[in-house]
Amino acid sequence: MILFSFFSLFFAISLGHGQQATVTANVEPPAPPKYVLSYDTMNYSLEGSQAANTNIYQFGNANINVHLLGATWLASPRWTFVALVPYLETTIETIYEPTTAGANLKLRDQVSGLGDLRLMAISPLWTNGRHTWTYDIGGTAPTGSVDKYFSSVPTQRASYNMQTGSGTVDVIAGLSYTYAPRPEWVSTLRGQGTARMGRNNNDYSLGDDVQLRASTGYQLGPYLNLGGLFNYRLRAPVSGRDGKYELFNNYASPTDPSIQGNGHQFYRGTQINWDLNAVTKVTIPFRKNVIAAMELGIPVTQKFINRDDVDLNVNYWVSGSVKTVF
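Keep in mind it's a predicted model, so treat the numbers as computed, not measured.

This brings us to the packing of aromatic side chains. Tallying each qualifying case throughout the model produces 17 aromatic pairs. Here the aromatic residues Y57, F59, F150, Y160, Y204, Y245, F266, Y267 and F304 are joined through ring pairs into a cluster of three or more.

Structure (structure tokens):
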């Protein structure tokens, strides 16, 4: 859940006047800020509770850390340009053959590394009082890796979702709406689509992706904001096959006949997940041009739909950020 914030900054100056009324001074007001540098860190705590319908595996505890460096250039009233550099850390437990007669083998895997560089251009479409529409277009460069291996099985490449990059150039377009009936109450709605351009060096491409996001927040005093957040994501099936990852597509357990099937069909169907979160945010302005914030989200309800009928639910997520404008 990478969050983008748009700030309107107003500057005022007080001009002193000499005692002689005939003496005046023309002082240029300071120029508005044109650049924003930011660092965000996000941590997601997840847990699986339901085995796949093949009984081959079940997710256990998982943890995802995202570190994000951002640079924003307010080039003109019409165009804003953004560059985002992510660093990803993923830890996940998988229980294989999680049945009474199965092996119940629990393995823990970790991967980390640079993600895909994202570039985007943002422009306003329409503004009318409390209503604002913007659109953005951009994409990602394949700076992340598609060659990470399981730490528990060093000879097998890690799963598609554990790789830190897509390995392809991806085109991303989005449309955002902001409704601000009062300065302390702001709601947003955003839709975003990702199209994969071809296959990567391992002969596959991640499925195209559609995301929807709706949020509302009410500012209680200068520091505290309470609100809600709804996320929806649809991912198309993976196209192609990584032969160093998909090693057991016709698995059958030697001890439990109920454990059998394609161990990687999870990626062969459309995946849909959505969640509704209660969100608390604390913002602390350190200096005139430095702002820090911390945010906590707890899902109220969530759903994960996939071909394996397996789940991996979010327990909570927490984020922190520091931004400076100049």
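After that view, the rundown keeps rolling.
Before going further, it helps to examine the nonpolar core. In terms of nonpolar packing, the biggest core is built from 34 residues, with Y57 and Y160 touching the most fellow members. Breaking this core down by element, the ones donating at least two residues are β1 (35–47), β2 (57–74), β3 (80–96), β5 (117–128) and β17 (313–325). In terms of residue count, β2 provides more of this core than any other element does, 5 residues in total. In this structure, Y160 is in contact with Y204, L206, V238, G240, R241, D242, Y245, E246, Y267 and R268, ignoring residues within four places of it in sequence.

A cluster of nonpolar residues, W185, Y218, L220, Y223, L224, L226, V282, I284 and F286, forms a patch on the protein surface that exposes about 790 Å² of accessible area. Among the elements of the structure, β10 (209–220), β11 (224–235) and β15 (271–287) are those that each provide at least two residues to the nonpolar patch. Here the nonpolar patch takes 3 residues from β15, the largest share from any one element. Within the element layout of this structure, Y218 appears in strand β10. Take Y218: its relative accessible area is 31%, and that puts it in the partly exposed class.

Our next topic: the pairing of β3. The sheet contact formed by β2 and β3 spans 16 bridges and is antiparallel. In the strand pairing of β3, A62 is matched with I92. Here β2 folds back onto β3, and the loop between the two strands holds 5 residues. With 5 bridges joining them, β3 and β5 adopt antiparallel strand pairing. Of the residues in β5, the one forming a bridge with F81 is A121. As paired strands, β3 and strand β4 (residues 105–114) are joined by 10 bridges and run antiparallel to one another. Residue I92 lies in a different strand from β4, and its bridge partner there is D109.

This next bit is on unusual backbone geometry. A positive phi angle, close to 65 degrees, is found at N55, a residue other than glycine. Along the chain, the position of N55 falls in the loop between β1 and β2. Despite not being glycine, D309 shows a phi value in the positive range, around 60 degrees. Secondary-structure assignment places D309 in the loop between β16 (290–305) and β17. For D309, a relative accessible area of 42% translates into the label partly exposed.

So, how was this worked out
- Residues numbered from 1 in each chain as written.
- Predicted model: local features only at pLDDT ≥ 70, side-chain atom pairs only at ≥ 80, totals over all residues.
- Heavy atoms only, no water.
- Phe/Tyr/Trp six-rings, centres within 6.5 Å; stacked < 30°, edge-to-face > 60°.
- Core = buried A, V, L, I, M, F, W, Y, C linked by side-chain atoms within 4.5 Å.
- Buried < 20%, exposed > 50% of the residue type's maximum accessible area, 1.4 Å probe, protein only.
- Helix = DSSP H or I, 4+ residues; strand = E, 2+ residues; numbered from the N terminus.
- Contact = heavy atoms within 4.5 Å.
- Patch = residues over 30% accessible without salt bridge, like charges linked within 9 Å, V, L, I, M, F, W, Y side chains within 5 Å.
- Areas by Shrake-Rupley, 256 points an atom, 1.4 Å probe, with all protein chains shown as cover.
- Salt bridge = Lys/Arg side-chain N within 4 Å of Asp/Glu carboxyl O.
- Pairing = 2+ DSSP bridges.

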